[in-house]
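Descriptive structure summary
Take a look at the letters that make up each chain.
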Amino acid sequence: MWNLSFTPPQVIQARVLTRLPEAFRKPRRNDWADANKPGEEIASFLEGPTFDREGRLYVCDIPYGRIFRISADLEWTLVAQYDGWPNGTALHRDGSLWIADYRRGLLRLDVANGAHEPAVLLGHRNSESFKGVNDLTFDAHGCCYFTDQGQTGLHDPSGRVYRFSPSPSVEDRGGGRLELLVAGIPSPNGVVLGPTGRVLFIAVTRANQVWRCPILADGSVAKVGAFRTFFGTSGPDGMAVDVDHRLVVAHASLGGAFVLNARGEVTHFVKSPEGSTVTNVAYRPGTSRLVMTESETGTILEADLPGPGMTLFSHR
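To keep things clear, this report deals only with the structure shown in the data block.

Basis of the calculations
- Residues numbered from 1 in each chain as written.
- Predicted model: local features only at pLDDT ≥ 70, side-chain atom pairs only at ≥ 80, totals over all residues.
- Heavy atoms only, no water.
- Helix = DSSP H or I, 4+ residues; strand = E, 2+ residues; numbered from the N terminus.
- Rg over C-alpha atoms; globule rule 2.2 N^0.38 Å.
- Buried < 20%, exposed > 50% of the residue type's maximum accessible area, 1.4 Å probe, protein only.
- Contact = heavy atoms within 4.5 Å.
- Areas by Shrake-Rupley, 256 points an atom, 1.4 Å probe, with all protein chains shown as cover.
- Pairing = 2+ DSSP bridges.
- Polar contact = N/O pair within 3.5 Å; in protein donor to acceptor, adjacent residues only side chain to side chain.
- Axes fitted to C-alpha atoms, helices over the stretch in contact; angles between N-to-C directions.
- Salt bridge = Lys/Arg side-chain N within 4 Å of Asp/Glu carboxyl O.
- Phe/Tyr/Trp six-rings, centres within 6.5 Å; stacked < 30°, edge-to-face > 60°.
- Lys NZ or Arg CZ within 6 Å of the ring centre and 35° of its normal.

A tally of regular secondary structure across the protein gives one helix and 27 strands. Taken against the 2.2 N^0.38 rule, which gives 20 Å for 316 residues, the C-alpha radius of gyration of the protein at 18 Å falls within 12% of a compact globule. Across its three principal directions, the C-alpha atoms of the protein cover 60 × 45 × 40 Å. Looking at the protein as a whole, 58% of its 316 residues are labelled buried. Pairs at least 24 apart in sequence give 47% of the contacts found in the protein among residues at least 6 apart. Surface exposure of the protein reaches about 13800 Å², of which carbon and sulfur atoms provide 49%.

Look at Ser187: it is not a glycine, yet its phi comes out positive at around 85°. Even without being glycine, His245 reaches a positive phi, approximately 70°. The topology assignment puts His245 in the loop between strand S21 (236-241) and strand S22 (247-251).

Position of Leu193 among the secondary structure elements: in strand S17 (residues 188-193). Residues Leu193 and Ala207 lie 14 residues apart in sequence; the distance between their C-alpha atoms is 20 Å. When neighbours within four sequence positions are excluded, Leu193 is seen to be in contact with Thr137, Phe138, Asp139, Tyr145, Val199, Leu200, Ile215, Val241, Met310 and Phe313.

Turning our attention to the pairing of strand S8 (residues 97-101). By the criterion of burial, S8 is predominantly enclosed, with five of the five residues buried. Residues Leu97, Ile99 and Asp101 point to one face of S8 and Trp98 and Ala100 to the other, with burial holding for every one of them. The pairing of strand S7 (residues 86-91) with S8 spans five bridges and is antiparallel. Opposite Thr89, over in S8, you have Ile99 as the bridge partner. Hairpin connection from S7 to S8: five residues lie between these consecutive antiparallel strands, with Gly95 at a positive phi of about 95°. Alignment of S8 against strand S9 (residues 105-109), held across five bridges, turns out to be antiparallel. For Trp98, the partnering residue across the bridge sits in S9 and is Arg108.

What follows deals with the side chain of Asn208. Inspection of the secondary structure puts Asn208 in the loop between strand S18 (199-204) and strand S19 (209-214). Within the structure, Asn208 has its side chain in polar contact with the backbone oxygen of Gly232 (distance 3.1 Å). Among all residues touching Asn208, those that are not within four sequence positions of it are Arg228, Thr229, Phe230, Phe231, Gly232, Ser234, Gly235, Pro236 and His251.

Whether parallel or antiparallel, the strands of a sheet pair through hydrogen bonds between backbone atoms. One open sheet holds the five strands; their spatial order is S1-S24-S23-S22-S21, and the pairing between them is mixed. A single partner strand is all that each edge strand has here, and the edge strands are strand S1 (10-13) and S21. Adjacent strand axes in the sheet meet at a mean angle of 25°, parallel and antiparallel pairs treated alike.

In this section: the side chain of His268. Assignment of secondary structure puts His268 in strand S24 (residues 266-271). Among residues more than four places away in sequence, those in contact with His268 are Pro9, Gln10, Ile12, Ala257, Phe258, Val259 and Pro306.

Here the focus is the pattern of salt bridges. Applying the stated criterion across every chain yields a total of 18 salt bridges. The shortest N-O distance in the salt bridge between Asp34 and Arg29 comes to 3.0 Å. Its salt-bridge partner being Asp242, residue Arg246 comes within 2.8 Å of it at the nearest N-O pair. Arg246 sits in the partly exposed class, given a relative accessible area of 21%. Classification of Asp242 as buried rests on a relative accessible area of 0%.

The final tally for this structure, using the stated rule, is twelve aromatic pairs. Seen in terms of ring centroids, Trp32 and Phe45 are 5.0 Å apart; in terms of plane orientation they differ by 45°. Their pairing is tilted. Here Trp32, found in helix H1 (residues 31-36), pairs with Phe45, found in the loop between H1 and strand S3 (46-51); they are 13 residues apart in sequence, far enough to count as distant. Taken as a pair, Trp32 and Phe45 share a single burial class, namely buried. Arranged with centres 4.9 Å apart and planes meeting at 40°, the rings of Phe230 and Phe258 form a pair that is tilted. Of the two residues, Phe230 is situated in the loop between strand S20 (225-229) and S21 and Phe258 in strand S23 (residues 256-260); the sequence distance between them amounts to 28 residues. Taking the relative accessible area as the measure of exposure, Phe230 reaches 10% and is therefore buried. Chaining the aromatic ring pairs together yields one cluster made of Phe24, Phe68 and Trp76. Taking NZ or CZ as reference, Arg103 lies 5.3 Å from the ring centre of Trp85, over its face.

Structure (structure tokens):
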């Protein structure tokens, strides 16, 4: 006899941790706003939360090409501002910050040495420009997995996920091996690896799904399938994983983040007090405390979750 009972997810109320200071808010129209928020004046659109080994939080501001660092005392520092649209960030094992930039490709910012301008690591594939890279993560070998989303969707399912194995010297611009891992995706957005490093999860925004991609011993993927399907006017965005194989999925149109167990069942919903656009998530290292970017209001939220986040491969 099948057990068809349904247990509603437990709601976890997130709280405001900090907000973008007024000194950094100057609402105006720009190219990004005209394309994504027509007719609106935009002060910021925060994304890409990443912690360094000292527990400092980095976030990026897409429309103004800004990278901020937030200290344990919640002091905001403008680390870099450049001509680009930074969408995702990840800490490399050497302490540098890698950036998925929608306009410029895969970048590297040497934050340890005080650099203010990121260097281009990978601006195109062969002679073909990327559609618009979005998010990235590292595996145990230092390979970078990143999504190339652009304006793809169900009308144009041509998004891709790549794996970039850099040369021994990451200063070697474009050096290394670039592999097309998964193609034909209707809007690949967030990307994370599970705790074993043998499963890749892709947030497929316009299909309103999370895809599960087993990674085989030779590095290829097989039997890619839908792990969870959602609903709403937008879809899954940034993601994070905990030590018990739970997957946290930010959903840009539903005002929070879903917590999925290893079977893909929704066990919790982390609700934003702002009730607006939650785009990305990250665990504070060594804790069960989750931070979330509430992009449209320039707010960083936090919540206490059931288990601690997994130690990222780049932090090991």
